[in-house]
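What follows is each chain in one-letter form.
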Amino acid sequence: MQSTADPSPSSPDDTAVHDLLIIGGGINGCGIARDAAGRGLSVLLAEKGDLGGATSSASTKLFHGGLRYLEYFEFRLVREALIEREVLLRAMPHISWPMRFVLPYHRDMRFESDTPTSKLLGLVMPWMRGRRPAWLIRLGLFLYDHLGGRKILPGTSTLSLKDRPEGAPLQERFAHAYEYSDCWVEDSRLVVLNARDAQARGATILTRAAVGSAEVTDGHWSVTIDTPTGPRVARARMLVNAAGPWVGEVIHGKLRLNSAERVRLVRGSHIVTRRLYDHDKCYFFQGTDGRIIFAIPYEQDFTLIGTTDAEHHDPDQPPVCTDDERDYLCRFASQYFARPVTPQDVVWSYSGVRPLYDDGASSATAATRDYTLKIDRSAGAPVLNVFGGKITTYRRLAESAMEKIGTALRLDRGNWTAGAPLPGGDFPVTGAGDLIAGLRHDYPFLTDFWARRLIRAYGTEARQILGDARAPGDLGQDFGATLTEAELRWLMSHEYARTAEDVLWRRSKLGLRLDQTQVRMLTEWMRAQDPGADRAAE
C-alpha cells in the first residue's frame, strides 16, 4: 500500500464526483472515512496538516467510560463509552490494553460546587455539602462496573495500601483505595490505522491538503483543496465537517453557512516526568477543588500526568501547557505522592484543544463531552457538522454519522466496524506477550524494549518491517532509540509520515529519547527521501 500523502494528480481538477468529502483527519474524520468506505461510498478525506496533528494526538490516551461524568448524570455517554472499551480492545490489542486504576481515598475529598450530584447531595443531605463520602464513590464504581455489560475487564476491588507496591509511592495518610479497570490507547496511531484501513477499502487520504473554499454547483459541492503540488478541485455529493477545533471556522468561513451551532474550545494540558513509581498501574487522584487527574505509566520509562481544563478562544493559536498549568499539575500530584513532583521533574509537556459542543455550561470542566451531529442542507447540498466527542466513542460517533449520511446517500451495508480489526490488530486481546516473545525468538538481535515497542506500535505487521533481517545492520541506518531506516521507510510509504515531528511525536513518542543531533540526522534523511516535505509542512 502506498501513501497518498503527496497527491500529484494528472489534472488540477477531479472529474469524478465523490459520494463523501471529509474535512479533517483527526479520529472522527478518519473513523467516518473508514466506516463510509466499508459501506461502499467513494470517500475523499482532506487534512490540512498531519493525521491526528491536533486534538487527536493530545488526549490523555485512555479508552474509558469517564467515571467523573457520572457526577454530571451523563449516563448515556458513560454507558456507550463503557461498552465501547471492550469492542475497541478486541479490534486493536496492539495499541490498546487493559489497565488498573488505583483511586486512593481520604476523608477530605470534595466536589466541584456546580456538579448536579453536588447540588443534589447538598439539598437532601446538607451536612454533606461539598464532600465526597466513601459510599458515594462505591456507588459510582458499582454503576461503572455494571452500566456497560463488562466481559473482559475485571471489576472494582477494595485495596489496602499498607505494605503494597501501589501504596509505596504515596503519602502514608492514604491507607485504603479502590481499584477499577479502564484501557490505554495510543491515540495518534489509532488515527493513522483508521486512515490506512479507509484507504485499503477505497478511500483517498490527502494530508497537507487544506480546504480553501467550497460552493455548491449543480447540486454538488465543489471544493478547492490546496495541496503541496498546487490547488485541485474535488466534487462531492455531501461534505462531512470533522475539522475539530476548526469546525466553526469551516461552517462560517469556508462554507459560509448561517448556522447557530457553536463550538466551545477547552484546552487540556499534560506533563511527562521520569518514571515516578515501579508498578504498572495508574492512579486516579481527586483534588480538594473537585477536579481529578491521572498519573499513568508512559512509554516504559516515564509517567504521564493530566489533565487540566481551560478555555481556549482561538483555534489557530497553538495550545501549550502554560507554566501555571504545569505548576498546578505538579502541586496536585504532590498532594498524593510522598516525593513532591516539581517543575524540574518535567521532561515534556503537551496540550490539546477539545472542540466541545457549546451547551451553555458554566465552566470548561462542566461542558459536555458527548458528541452532536447536525446536517445542514441550506446551501443546496448536504453537509454534516461534527461537534464534540471523545476518543473512546469515535467508532460509535462514526456509526451515528452514517445514520445521518444515510438520509442523503445510499449505503450498501449496515454497521460493520465492531468486529473488524485495525491493521496489525488481528490477534487475541491477551496475545501481545506471545507476539513479543515470538518476535524476539525469530529476531534474536532485538532487545526486550525494541520488540515490545514494535509490537505495541505495529502488532502483526512488525514482521513486515523487519523482513529477513538477521542483524541490526540489515535494517539500514540507525537513528537512535531503536528507530531504523527500515521502520522509517514503512512510516513514509504506509503511514503518511512526512517530517521528523510526524515520526517522533505522532507515529511514536521517540522524541522523548532522541537528542538534537539524532533529530537533525533524521530530518536530513527524510528530507533527502522526500524533497517536498519541507514545503508540505509549512
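The sections below set out a description of the structure shown in this document. Note that this is a predicted model, so its numbers are computed, not measured. (Residues numbered from 1 in each chain as written. Predicted model: local features only at pLDDT ≥ 70, side-chain atom pairs only at ≥ 80, totals over all residues. Heavy atoms only, no water.)

1. So, the pattern of salt bridges
Proximity of charged atoms lets side chains of opposite charge pair with each other. Formally: Here a salt bridge means any side-chain nitrogen of Lys or Arg lying within 4 Å of a carboxyl oxygen belonging to Asp or Glu. Only DSSP runs of H or I with at least four residues qualify as helices, and only runs of E with at least two residues qualify as strands; both kinds are numbered from the N terminus onward. Whether a residue is buried, partly exposed or exposed follows from its accessible area with a 1.4 Å probe, protein chains only, as a fraction of its type maximum: under 20%, in between, or over 50%, in that order.
Scanning the model with the defined rule gives 40 salt bridges in all. Between Arg208 and Asp50 there is a salt bridge; the shortest N-O distance is 3.9 Å. One end of the pair, Arg208, is in the loop between β7 (204-206) and β8 (210-217); the other, Asp50, is in the loop between β2 (43-46) and β3 (62-63), with 158 residues separating them in the sequence. Arg208 gets classed as buried once you look at its relative accessible area, which sits at 8%. Residue Asp50 is classed as buried on the basis of its relative accessible area, which comes to 4%.

2. Digging into the packing of helix α13 (residues 500-507) against helix α14 (residues 516-529)
What counts here: Only C-alpha atoms enter the line fits that serve as axes; for helices the fit covers just the stretch in contact. Angles between N-to-C directions range over 0 to 180 degrees. Relative orientations are named as follows: roughly parallel for angles under 35 degrees, roughly antiparallel for angles over 145 degrees, roughly perpendicular for angles from 65 to 115 degrees, and oblique for any other angle. The contact criterion used throughout is that any non-hydrogen atoms of two residues lie within 4.5 Å. Residues are grouped as follows: nonpolar covers Ala, Val, Leu, Ile, Met, Phe, Trp, Tyr, Cys and Pro; charged covers Asp, Glu, Lys and Arg; every other residue, Gly included, is treated as polar.
The interhelical angle for the contact between α13 and α14, taken along N-to-C directions, is 120°, at an axis separation of 8 Å. Relative to α14, the element α13 is oriented oblique. Taken together, the residues of α14 that come into contact with α13 (itself represented by Ala500, Val503 and Leu504) are Val519, Leu522, Thr523 and Met526. Tallied by class, the residues present in the contact of α13 with α14 amount to six nonpolar, one polar and no charged.

3. Thoughts on the pairing of strand β17 (residues 371-376)
Going by this rule: Paired strands, as defined in this entry, are two strands with at least two bridges between them according to DSSP.
Where β17 lies against strand β18 (residues 383-388), six bridges are found, and the strand directions are antiparallel. If you follow Lys374 over to β18, its bridge partner there is Asn385. Between β17 and the antiparallel strand that follows it, β18, lie six residues; Gly380 among them carries a positive phi value of about 105°.

4. Brief notes about helix α4 (residues 134-146)
We count it as follows: Multiplying 1.5 Å by the residue count of a helix minus one yields the expected span of that helix.
Counted at 1.5 Å a residue, the expected span for α4 with its 13 residues is 18 Å, and the 19 Å between its end C-alpha atoms agrees. Restricting attention to buried positions, one finds in α4 the residues Ala134, Leu136, Ile137, Gly140, Leu141, Tyr144 and Asp145. Buried-residue contacts for α4 involve α2 (75-91), β4 (96-105), α3 (116-124), β6 (176-185) and β12 (282-286).

5. Examining the environment of Gly52
Structurally, the position occupied by Gly52 is in the loop between β2 and β3. Considering only alpha carbons, one finds Gly52 and Gly25, 27 residues apart in sequence, at a separation of 6.2 Å. In contact with Gly52, not counting residues within four places along its chain, are Gly25, Gly26, Ser57, Val191 and Arg506.

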